[in-house]
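Examination of the molecular architecture
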Amino acid sequence: MRSKLYSLKEWLTLEDAASHLTSVLSETVTVADILQLAIQDHIKLSVNLIAAAEANKGTVHDITEARVMLHPAGTPLSWLRGDEPANSLEEKLRAVGVVRIRDIPSLDEEIRSAVADQSVHAVHLGEAVSETEVVEFEKEIQTVSGIYDLPMLSAEKSLIEEMYYPKVGGPDIDPWNLEGVWLERDGHIYRLCDRSATQADYDACGTENSIAEWNKRYRDPSRWFPTDRLPAESTIILRRENLDAFIESLEEPEPAPVSTPSTEESRTLEVLGLLVELYAEQHGPDYHHGARPKASRIVQDMLSAIPEDVTGMGDRKLKEHVGAAITAWEAKKRR
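Scope of this entry: the structure provided in the associated data block. (Residues numbered from 1 in each chain as written. Predicted model: local features only at pLDDT ≥ 70, side-chain atom pairs only at ≥ 80, totals over all residues. Heavy atoms only, no water.)

**Describing the overall build of the chain**
Of the regular secondary structure elements, the chain holds 13 helices and 13 strands. Counted over contacts in the chain with a minimum sequence separation of 6, partners at least 24 positions apart contribute 74%. Accessible surface for the chain amounts to roughly 19,800 Å². Of this, 52% is attributable to carbon and sulfur atoms. Here the chain contributes 36 positive and 59 negative side-chain charges, whose respective centroids are spaced 3 Å apart. (Helix = DSSP H or I, 4+ residues; strand = E, 2+ residues; numbered from the N terminus. Contact = heavy atoms within 4.5 Å. Areas by Shrake-Rupley, 256 points an atom, 1.4 Å probe, with all protein chains shown as cover. Lys, Arg positive; Asp, Glu negative; His and termini not counted. Charge placed at Lys NZ, Arg CZ, Asp CG, Glu CD.)

Dropping the structure here:
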């Protein structure tokens, strides 16, 4: 049984989470266990940014919506540096600039042929977050604070490993990642950044006439770079919502044998699938994988709308139901 105090807490320390799991599961659970479960993607950890930090905001897109720069094969770095075009194809590539993957089939025939025979390659301007999604970060920085989840897609996974292995007699881990630490909240990914001072900063010190001038120089995006460390004034925690979801996942019964749904169940799934399709159409391309509704994005909205006192509706279970509904509706349309 959950205590009244537990229900009031938005988040728990790792020690408190281990104690709660020990009570609920009737077996000893340690902080090391929680860290291992997070590394294995069974439980989602979070970070509390007690002091403000700076980050690039990222938006997750379906891979067909990803932006790429087309370049002659074998020349990505020199092409990005701005080499002059050496022939008509390269002139066309320069003119095209950045293009979304879905738009490549509508480009000039010479470019399409070069892409098909791999004499022209594509450099993604985003970073992969799954086999079907990429995240693209804004250049500008913004201030972030409070509680964010750790998506375990970049340097944050190495940071958790750095915490875990000393507790179990493992090796020392030295986290290092060019893309830095990523955080996650409200469907967006944030990449933490540190500022690198230059001689221009020292020269400008005391010469600016206003706070606005100083702020413009300080927040110049060219001086901020991804960091592979969390801020000193932050702490790893576990949100109660994520802890409850983990406990519910352990309580889920074994999958029942696959059976053919009844006519009434099939009709219910088809109706739900139609509603899902209409919802996705109303909310635009971020809610689609190509022409198909994106179950994960729709379930995100559903979870954010569920009251806190409603249980038994975890992320995985909702994705199963929504995915089944989409499949049933697609089968209905093909008949």
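**Re the nonpolar core**
Residues I34, L45, V144, L150, I160, L183 and L243 are the most contacted members of the largest nonpolar core, which totals 36 residues. No other element matches helix α3 (residues 31–39), which puts six residues into this core. If sequence neighbours within four positions are ignored, I160 has contacts with L35, I39, L45, L150, M152 and I236. Judged by nonpolar contacts, the second largest core, of twelve residues, contains W79, L89, I104 and L107. (Core = buried A, V, L, I, M, F, W, Y, C linked by side-chain atoms within 4.5 Å. Buried < 20%, exposed > 50% of the residue type's maximum accessible area, 1.4 Å probe, protein only.)

**Here we look at unusual backbone geometry**
Not every positive phi belongs to a glycine, and M152 is a case in point at roughly 60°. Turning to its location among the elements, M152 is positioned in the loop between β7 (133–149) and α7 (155–164). Although it is not a glycine, D186 sits at a positive phi angle of roughly 55°. You can see D186 is positioned in the loop between β8 (182–185) and β9 (188–195).

**Overview of the packing of aromatic side chains**
Taken as a whole and assessed by the stated rule, the structure comprises six aromatic pairs. An angle of 10° between the planes, with centres 4.8 Å apart, marks the rings of W214 and Y218 as stacked. Here Y218 and W214 lie together in helix α9 (residues 211–218), a separation of four residues that amounts to about one turn. Centre to centre, the rings of Y218 and W224 are 5.5 Å apart; their planes meet at 85°, and the pair counts as edge-to-face. On the basis of relative accessibility, which here comes to 9%, the residue W224 falls in the buried class. Counting every residue linked through ring pairs, the aromatic cluster contains W214, Y218 and W224. R185 extends its terminal NZ or CZ atom over the ring of Y148, reaching a point 3.9 Å from the ring centre. Across the ring face of F137, the terminal group of R191 is positioned such that the distance to the ring centre comes to 4.3 Å. (Phe/Tyr/Trp six-rings, centres within 6.5 Å; stacked < 30°, edge-to-face > 60°. Lys NZ or Arg CZ within 6 Å of the ring centre and 35° of its normal.)

**As for α3**
Of the residues making up α3, those classed as buried are V31, A32, I34, L35, A38 and I39. Seen end-on, α3 carries its buried residues on one side only, within an arc spanning 160°. Those residues of α3 that are buried lie in contact with α2 (14–25), α7 and β11 (234–239). Following α3 by one or two positions, D41 has its phi on the positive side, about 65°. (Arc of directions from axis to C-beta.)

**Observations concerning a nonpolar patch on the surface**
Together, V271, L272, L274, L275 and L278 make up a nonpolar patch on the protein surface, roughly 380 Å² of accessible area in all. By the element assignment, L275 lies in helix α11 (residues 263–283). With a relative accessible area of 52%, L275 lands in the exposed category. (Patch = residues over 30% accessible without salt bridge, like charges linked within 9 Å, V, L, I, M, F, W, Y side chains within 5 Å. Salt bridge = Lys/Arg side-chain N within 4 Å of Asp/Glu carboxyl O.)

**Regarding the pairing of strand β3 (residues 67–72)**
For β3, a buried count of five out of six residues is recorded, marking the element as mostly surrounded by other parts of the structure. As defined by bridge partners, β3 adjoins strand β4 (residues 98–100) across three bridges and the pair is classed as antiparallel. Following the sheet pairing, M69 is matched in β4 by V98. By the bridge criterion, five bridges tie β3 to strand β5 (residues 120–124) in an arrangement that is antiparallel. (Pairing = 2+ DSSP bridges.)

Any functional reading would require information beyond the geometric quantities listed.
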